[in-house]
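# Reading the structure
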Amino acid sequence: MDVDTRLLRYFTAVAETGTLTRAAEELFVSQPALTKQIRQLETQLGVRLFTRSRTGMALTGPGRALAERVPDLLAAWDRTVRETKAAAARAARVLRVGFLASAANEATPDIVAAFTARRPDWRVEMRQAAWSEPTAGLADGEVDAALLRLPFPGQEALRTAELFSEDRWVALAAGHPLADREVIDFRELLDEPFVAAPAESGWWRDHWLAADERQGRPVRIGAVTDLPDDWLSAIANGYGIALAPASAARFYARPGVVYRPVRGIGPSRVGVAWAPAHDHDPVVQDFVRSCLEAVPAP
C-alpha cells in the first residue's frame, strides 16, 4: 500500500492541534479540503483515525498508533530527500549557499569570485531564506554553507567564522519626526514601535530590536514581517521603525524610507556558517577559506 506523505502531514497536523480548524490554518488549506484528505487516508488504511465531536478531533486507538510512528517516518523521508538533493548538487558541482536579506552584501561577489578561482569547475548557487529560517536552510541540510548575521538561533550547533562588522542604523518613514536628523541617539527610539522579525527567529530578532541595550525598557511591536519587501512596506506606511545594517541604505533603498546612523548601540556582525559534518569537506572548506580571503577578519 502506498500512502502520500502529504496525507500523513495532514494527519499529524490534526493530531497535534486537536481540531480541523487550527490544522487547516497551519497548513494553509480549507477545512473541507482537509476533512476530505483525512477521510481519504482513513479509507486507504481501512481504519478510523479520529472520533469527531463538537469539541474537536480525538485520536482513536489506531490513530494513536499511527501518530506515534509518523513523526519518525516523515523525518526519515525528509532526511532522505535532503541527502538526495545534496548528492545531486554535488554531482552537478553546485555549492548551495544560503543567506538572509543583507547578509554579506557587497562582499558576496568577491567571495564567489574567490571560490571560483579555487574551484573553477564549481558553481555557487545563492539561496535567499525568509527571516523565520534563521540558519537559511543550513540546520535542515538544505544548503552546504550560509552567510548570516551573528548571532542567530541554532548557532551553537554549527561552526561559524566572523567576517566583518558594520554599524546598525535605523530605518524610518520619510515623514517621521526624526527622519531629518543626521544621527539619532538610540535613547530617542526606545518608545517607538518597531517592525520585528517573527518570534521564532529568537535571539536574532532580539538583536535587531536591541533588546539587550534597552536597560529593561520593553519593546513596542508595531508590525511583524518575514520578508524584506514586507518589512519596507511596514516602515514606509508608518507602522514602526527598524534597526538595520548600514549597508541596507544602499541595498534596500526605497521611496518613503530613510536610513540614519544610530548612536548608543553596538554593531552588527556577519559570518560564514557550516555544519560540523562539513569540517573536512574540501569544497565547503574552500568556500570558508574564500570568505576569509575575500573579507579579511577584523
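Residues numbered from 1 in each chain as written. Predicted model: local features only at pLDDT ≥ 70, side-chain atom pairs only at ≥ 80, totals over all residues. Heavy atoms only, no water.

### Quick notes on the pattern of salt bridges
Note the following rule: For this analysis, a salt bridge means a side-chain nitrogen from Lys or Arg found within 4 Å of a carboxyl oxygen belonging to Asp or Glu. Strands are runs of DSSP state E lasting at least two residues, helices are runs of H or I lasting at least four, and both sets are numbered from the N terminus onward. For every residue, the accessible area (1.4 Å probe, protein chains only) is compared with the maximum for its type, and the residue is labelled buried under 20%, exposed over 50%, or partly exposed between those bounds.
Per the counting criterion, the structure on display carries 16 salt bridges. As a salt-bridge pair, R96 and D144 come within 3.1 Å of each other at their nearest N and O atoms. Here R96, found in strand β3 (residues 94-99), pairs with D144, found in the loop between β4 (123-128) and β5 (145-150); they are 48 residues apart in sequence, far enough to count as distant. A residue is classified by how much of its surface remains accessible, and R96, at 3% relative accessible area, is buried. With relative accessibility at 4%, the residue D144 sits in the buried group. In this structure, D279 engages R159 in a salt bridge whose closest nitrogen and oxygen atoms are separated by 2.8 Å. In this pair, D279 sits in the loop between β13 (268-274) and α9 (282-294) while R159 sits in strand β6 (residues 159-166), placing the two residues 120 residues apart along the sequence.

### Digging into empty space enclosed by the protein
Using the following cut-off: Cavities and pockets were defined on a 1 Å grid built from protein atoms only: a cavity is a group of points that admits a 1.4 Å probe but offers it no way out, a pocket is an open group of points flanked by protein on both sides within 12 Å along at least five of seven lines, and a lining residue is one with an atom within 4 Å of any such point. Grid points are joined across faces, edges and corners, and a volume is the space filled by probe spheres set on the points. For this classification, the nonpolar set comprises Ala, Val, Leu, Ile, Met, Phe, Trp, Tyr, Cys and Pro, the charged set comprises Asp, Glu, Lys and Arg, and every other residue, Gly included, is treated as polar.
Applying the stated criterion to the full structure yields 1 cavity of 30 Å³ or more. The space that makes up the largest cavity amounts to roughly 260 Å³. In terms of lining, the largest cavity is formed by 20 residues, of which the most central are W131, W204, W208, W231 and L243. Secondary-structure elements contributing two or more residues to the lining of the largest cavity are β9 (193-196), α6 (203-208), α7 (228-236) and β11 (242-245). Here the lining of the largest cavity takes 4 residues from β11, the largest share from any one element. Broken down by class, the residue content of the lining of the largest cavity amounts to 17 nonpolar, 1 polar and 2 charged.

### Some thoughts on the packing of aromatic side chains
Our working definition: Centre distance within 6.5 Å is the pairing criterion for rings of Phe, Tyr and Trp, where only the six-membered ring of Trp is used; planes under 30 degrees apart are then read as stacked, over 60 as edge-to-face, and the remainder as tilted. Note on criteria: charge over ring means Lys NZ or Arg CZ within 6 Å of the ring centre, with the direction from the centre no more than 35 degrees off the ring normal.
For the structure shown, the criterion picks out 2 aromatic pairs. Aromatic pair F11 and F50: ring centres 5.5 Å apart, planes at 50°, arrangement tilted. On the criterion of sequence distance, the pair formed by F11 in helix α1 (residues 5-17) and F50 in strand β1 (residues 50-53) is long-range, its members being 39 residues apart. With relative accessibility at 0%, the residue F11 sits in the buried group. Positioned over the ring face of F194 is R214, at 4.8 Å from the centre of the ring.

### Observations concerning the confidence of the model for the chain
Segments scoring low in pLDDT should not have their predicted coordinates read at a detailed level. Note the cut-off: pLDDT is a per-residue confidence score from the predictor, ranging from 0 to 100.
When the pLDDT values of the chain are averaged, the result is 88; 96% of them are 70 or greater. Per-residue pLDDT, averaged within each element of the chain, yields its smallest value for helix α4 (residues 61-91) (78) and its largest for strand β12 (residues 257-263) (97).

### Topic: the pairing of strand β7 (residues 168-173)
To be explicit about the condition: Two strands form a pair only when DSSP identifies at least two bridges running between them.
With respect to burial, β7 is a largely interior element, 5 of its 6 residues being buried. Where β7 and β11 come together, 4 bridges link them in antiparallel fashion. If you follow A171 over to β11, its bridge partner there is A242. With 5 bridges connecting them, β7 and β12 associate as antiparallel partners.

### A closer look at the side chain of R149
Defined as follows: We call two N or O atoms a polar contact when they sit within 3.5 Å, provided that within protein one can donate a hydrogen and the other can accept it, with sequence-adjacent residues counted only if both atoms are side-chain atoms.
Within the secondary structure, R149 is located in strand β5. A distance of 2.7 Å separates polar atoms of two side chains, one belonging to R149 and the other to E166. Among the polar contacts listed, one links the side chain of R149 to the side chain of S268, at a separation of 3.0 Å.

### Overview of the pairing of strand β10 (residues 220-224)
As judged from the 4 bridges shared by β9 and β10, these two strands associate in the parallel manner. In the strand pairing of β10, F194 is matched with I221.

### Describing the environment of L148
Basically, it comes down to this: By definition, residues are in contact when any of their heavy atoms lie within 4.5 Å.
Position of L148 among the secondary structure elements: in strand β5. Sequence-wise, L148 and L100 are 48 residues apart; in three dimensions their C-alpha atoms are separated by 6.3 Å. Setting aside residues up to four positions removed in sequence, L148 forms contacts with L100, A103, P134, T135, A136, R269, V270, G271 and A273.

### Quick look at the sheet that holds β7
Within the open sheet, the 4 strands sit side by side as β8-β12-β7-β11. Their pairing is mixed. Among the strands making up the open sheet, the edge pair consists of β8 (184-185) and β11.

### Remarks on the side chain of T135
Checked against the element boundaries, T135 lands in the loop between β4 and β5. Residue class for T135 comes out buried when judged on its relative accessible area of 9%. A polar atom in the side chain of T135 sits 3.1 Å from the backbone nitrogen of A139. Setting aside residues up to four positions removed in sequence, T135 forms contacts with A146, L148, F152, P153 and L158.

### Observations regarding the sheet that holds β13
The test is simple: Here, axes are lines fitted to C-alpha atoms. For helices the fit covers the stretch in contact, and angles between N-to-C directions go from 0 to 180 degrees.
Spatial strand order, β4-β3-β5-β13-β6: 5 strands in an open sheet with mixed pairing. Each having just a single partner strand, β4 and β6 make up the two edges of the open sheet. The mean angle between the axes of side-by-side strands here comes to 25°, regardless of whether they run parallel or antiparallel. In this structure, β6 lies alongside β13, joined through 7 bridges in antiparallel fashion.

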